[in-house]
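# An overview of the molecular structure
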Amino acid sequence: MSKQGFTTRQVHADRLLNTPEHGGVHTSTSNSVLFEFSDAQGIIDAFQGKRAAHVYSRSSSPSVAALQNMLNDLEGGLGALCFSTGMSAISSTLFSLLKAGDHLIVSQYLFGNTRSFFDTLADYGVQITFADVTDIQNIKEAYLPNTKGVYTETVANPVTQVADLRAIGQYCEERNILFMVDNTMTPPPLFYAKDLKASLIFCSLTKYISGHGNVLGGAVIDTGLFNWKGFGNIKSAYQVADEAQWGLTQIKKKGLRDLGATLAPQSATAIALGMETLSLRLARACENSQKLAMFLDNHPKVKHVFYPGLASHPQHFMAREQLKRGYGAILSFTLVDDIDPVQFLNALELVICATHLGDNRTLALPVAPTIYFENTAEEREAMGVSDTMIRISVGIEDTDDLIKDFSSAFERKYTGE
């Protein structure tokens with residue numbers, strides 16, 4: 001499969017990686033919670049980690065295992081674990097690996113819910129330093145003797161700041177600390193985080209991977225690049241024979257089994273089906289985003305556009321180097337002062353006002369009073385979020401129809417009524 005194209009591999013991934021029963025091309029949805037062992041020694045060995053087997057579906061099931069194989073192949077990893085949501089993948093993993101007194105360097109541009117979780121993590125005694133990840137010097141200055149890793153998104157939501165992933169990956173390797181990358185906004189084939197030395201890759205499967213806005217899910221993929229033997233937080237019970245598996249073993253035991261944010265088998269099946277068209281949807285969404293960004297950037301009623309594909313973007317050249325197959329499908333913009341964002345959004349007819357990303361449909365919402373409402377004005381300013389910012393998750397509609405919808409909204413007479 002490695003010599004075939006990306007879309008070909010995705011379309012055939014399930015049947016080739018997982019060998020579905022009865023000649024099916026998709027793995028069947030397994031609804032069983034429990035799994036029988038004809039020999040009682042088998043369940044003992046499974047519990048003690050001496051053999052791989054499904055024991056209880058909170059920890060694993062055939063349907064979820066099949067999806068994990070596909071995601072691991074997608075990112076070129078050592079292994080993957082799925083969770084009920086993207087946030088549960090992040091929280092379960094970090095609660096599993098960190099303890100009070102540890103220190104993390106975290107992007108100051110993180111999406112609101114993710115940032116909120118890191119605030120919660122701080123309440124449990126993990127020291128958090130928020131840093132500007134667009135410049136490696138800020139990471140170096142934030143490093144402490146108890147630093148366990150760096151956590152960042154590839155492209156920030158909603159202001160689209162681009163992290164200096166290559167430099168951060170190199171620095172984390174030198175320091176032997178975790179390089180954790182949220183690749184939700186730029187999944188393969190747009191970006192391969194392993195190529196820039198990511199240790200753990202996080203992804204909300206709800207977004208581009210599934211694409212249809214009808215299922216929740218999240219995942220963490222271990223790339224195999226990190227030396228877990230040098231990570232002091234791995235409990236002795238999870239130091240299995242294969243040292244490369246120490247991290248995933250602890251995440252599965254402490255994060256998935258104990259915290260219980262299990263992905264339902266039905267959800268795993270829906271996500272796997274969505275993955276088959278990932279590259280086609282991403283290509284169209286990125287094409288639409290570039291054209292819409294250029295249209296907005298040249299419109300007299302738009303003050304500023306935030307999109308890495310524009311030459312005016314502060315990290316455009318970094319994005320061009322790192323995101324060689326497309327700049328993603330998220331953009332934000334601010335209107336001139338005499339146009340109210342709420343009125344403008346209400347004037348759009350095709351575009352849906354909703355909070356979600358990576359959908360086939362183009363979505364829009366006012367940022368500050370919604371997903372960043374809980375943040376202070378100072379925090380929003382540090383993240384680059386203005387009070388009048390509008391975020392667009394660009395879908396796969398015909399480009400001309402999208403441009404026409406925005407053009408018609410701009411033609412409305414805004415008189416403050």
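Refer to the structure presented above.
Residues numbered from 1 in each chain as written. Predicted model: local features only at pLDDT ≥ 70, side-chain atom pairs only at ≥ 80, totals over all residues. Heavy atoms only, no water.

### Remarks on the overall build of the chain
Heads up, the condition is: The helix count covers DSSP runs of H or I at least four residues long, the strand count covers runs of E at least two residues long, and both are numbered beginning at the N terminus. When we talk radius of gyration, it's over C-alpha atoms, and the globule rule is simply 2.2 Å times the number of residues to the 0.38. Type-normalised accessible area, obtained with a 1.4 Å probe on protein chains alone, sets the label of each residue: buried when under 20%, exposed when over 50%, and partly exposed for intermediate values. Contacts are assigned to residue pairs with any non-hydrogen atoms lying within 4.5 Å of each other. Note that His is not counted, nor are the chain ends; the positive residues are Lys and Arg, and the negative ones are Asp and Glu. By convention, the charge on Lys lies at NZ, on Arg at CZ, on Asp at CG and on Glu at CD.
Secondary structure assignment for the chain yields 14 helices and twelve strands. For 417 residues, the compact-globule estimate of 2.2 N^0.38 gives 22 Å, and the C-alpha radius of gyration of the chain, at 22 Å, lies within 12% of that figure. Judged by the C-alpha coordinates and their principal axes, the chain covers about 75 × 55 × 40 Å. In the chain, which comprises 417 residues, the proportion classed as buried is 55%. In the chain, once contacts between residues fewer than 6 apart in sequence are set aside, the share between residues at least 24 apart is 70%. Charged side chains in the chain number 35 positive and 44 negative. The centres of these two groups are separated by 6 Å.

### A few points about the sheet that holds strand 7 (residues 218-222)
Condition: Between any two strands, pairing holds if DSSP finds at least two bridges. Axis definition: a line fitted to C-alpha atoms, limited for helices to the stretch in contact. Angles are taken between N-to-C directions and run from 0 to 180 degrees.
Taking strand neighbours across the sheet as the criterion, the seven strands line up as 1-7-6-5-4-2-3 in an open arrangement whose pairing is mixed. For this open sheet the edge positions go to strand 1 (79-83) and strand 3 (127-131), each flanked by a neighbour on one side alone. Sheet twist, expressed as the mean angle between neighbouring strand axes with direction ignored, is 20°. Relative to strand 4 (residues 147-153), strand 2 (residues 103-107) runs parallel, the two sharing four bridges. Its bridge partner being in strand 4, H103 is matched across the sheet by T147. Relative to the sheet, helix 5 (residues 112-123) contacts strand 2, strand 3 and strand 4, its axis offset from that of strand 3 by approximately 145°.

### Digging into the pattern of salt bridges
Note the cut-off: The salt bridge criterion pairs a side-chain nitrogen of Lys or Arg with a carboxyl oxygen of Asp or Glu, the two atoms within 4 Å.
The tally for this structure, following the rule as stated, stands at eleven salt bridges. Here D258 makes a salt bridge to K254, at a shortest N to O gap of 3.2 Å. Classification of D258 by relative accessible area gives partly exposed; the value is 40%. Classification of K254 by relative accessible area gives partly exposed; the value is 27%. Here D387 ties to R380 by a salt bridge, and the two come within 3.9 Å at their closest N and O atoms. R380 gets classed as buried once you look at its relative accessible area, which sits at 14%. Linked through salt bridges whose partners overlap, the residues forming this network are R166, E321 and K324.

### Points about the packing of helix 10 (residues 278-297) against helix 14 (residues 399-411)
Threshold: In what follows, roughly perpendicular refers to angles from 65 to 115 degrees, roughly parallel to angles under 35, roughly antiparallel to angles over 145, and oblique to any angle outside these ranges. We call a crossing left-handed when the near helix sits turned anticlockwise from the far one by less than a right angle, and right-handed when that turn is clockwise. For this classification, the nonpolar set comprises Ala, Val, Leu, Ile, Met, Phe, Trp, Tyr, Cys and Pro, the charged set comprises Asp, Glu, Lys and Arg, and every other residue, Gly included, is treated as polar.
Between helix 10 and helix 14, the least distance of the axes is 10 Å, while the angle of their chain directions is 30°. As far as their axial angle goes, helix 14 and helix 10 are roughly parallel. Here helix 10 and helix 14 pass one another in a crossing that is right-handed. Facing R284, N288, K291, L292, F295 and L296 of helix 10, the residues of helix 14 in contact are T399, L402, I403, F406, S407 and F410. Residue classes in the contact of helix 10 with helix 14 are distributed as seven nonpolar, three polar and two charged.

### Here we look at empty space enclosed by the protein
So the rule is basically this: Only protein atoms enter the calculation, which uses a 1 Å grid: trapped sets of points that fit a 1.4 Å probe without letting it out are cavities, open sets showing protein on both sides within 12 Å along at least five of seven lines are pockets, and any residue with an atom within 4 Å of a point is a lining residue. Grid points are joined across faces, edges and corners, and a volume is the space filled by probe spheres set on the points.
Summed over all chains, the structure comprises five cavities of 30 Å³ or more. Of the voids in this model, the largest cavity is the one considered here, and its volume is about 70 Å³. Looking at the largest cavity, the residues that line it are D14, H26, T27, S63, A66, L67, A268, T269, A272 and L273. Elements represented by at least two residues in the lining of the largest cavity include exactly helix 3 (62-75) and helix 9 (265-275). Looking at which element gives the most residues to the lining of the largest cavity, the answer is helix 9, with four residues. Taken as a whole, the second largest cavity holds about 50 Å³ of empty space. Lining the second largest cavity, in full, are Y208, G211, R281, L282, A285, G358, D359, N360, V394, G395 and I396. Split into classes, the residues belonging to the lining of the second largest cavity amount to five nonpolar, four polar and two charged.

### Things to note about the pairing of strand 5 (residues 178-182)
Cut-off, in case you're wondering: Assignment of crossover handedness uses the view with strands pointing away from the viewer, where a clockwise path from the first strand over the helix to the second indicates a right-handed crossover.
Counting buried positions along strand 5 yields five of five residues, so the element is predominantly enclosed. Burial along strand 5 is two-sided: L178, M180 and D182 facing one way and F179 and V181 facing the other are all buried. Alignment of strand 4 against strand 5, held across five bridges, turns out to be parallel. Bridge pairing links V150 to F179 in strand 5. Read as a crossover between parallel neighbours, the route from strand 4 over helix 7 (residues 165-175) to strand 5 is right-handed.

### Here we look at the packing of aromatic side chains
Selection rule: For Phe, Tyr and Trp, where Trp contributes only its six-membered ring, two rings pair if their centres lie within 6.5 Å, and the inter-plane angle classes them as stacked under 30 degrees, edge-to-face over 60, or tilted in between. To sit over a ring, a charge needs its Lys NZ or Arg CZ within 6 Å of the ring centre and within 35 degrees of the ring normal.
This model, assessed by the stated rule, comprises 15 aromatic pairs. Seen in terms of ring centroids, F226 and F231 are 5.9 Å apart; in terms of plane orientation they differ by 75°. Their pairing is edge-to-face. F231 matches F226 in its accessibility class, with the two residues each being buried. A residue is classified by how much of its surface remains accessible, and F231, at 6% relative accessible area, is buried. An aromatic cluster of at least three residues, connected via ring pairs, comprises F95, F117, F118, Y124, Y151 and F202. Above the face of the F130 ring, R115 is positioned so that its terminal group lies 3.9 Å from the ring centre. Over the ring of Y143 we find R175; its NZ or CZ atom is 4.0 Å from the centre of that ring.

### Digging into the sheet that holds strand 10 (residues 352-353)
Strand pairing in a sheet relies on backbone hydrogen bonds. The paired strands run either parallel or antiparallel. Taking strand neighbours across the sheet as the criterion, the five strands line up as 8-9-12-11-10 in an open arrangement whose pairing is mixed. Of all strands in the sheet, those bounded by a partner on one side alone are strand 8 (302-306) and strand 10. Where strand 8 and strand 9 (residues 330-335) come together, four bridges link them in antiparallel fashion. Across the sheet, residue V302 finds its bridge partner in strand 9, namely L335. Packing against the sheet, helix 10 makes contact with strand 8, strand 9 and strand 12 (390-393), and its axis sits at approximately 10° to strand 9.

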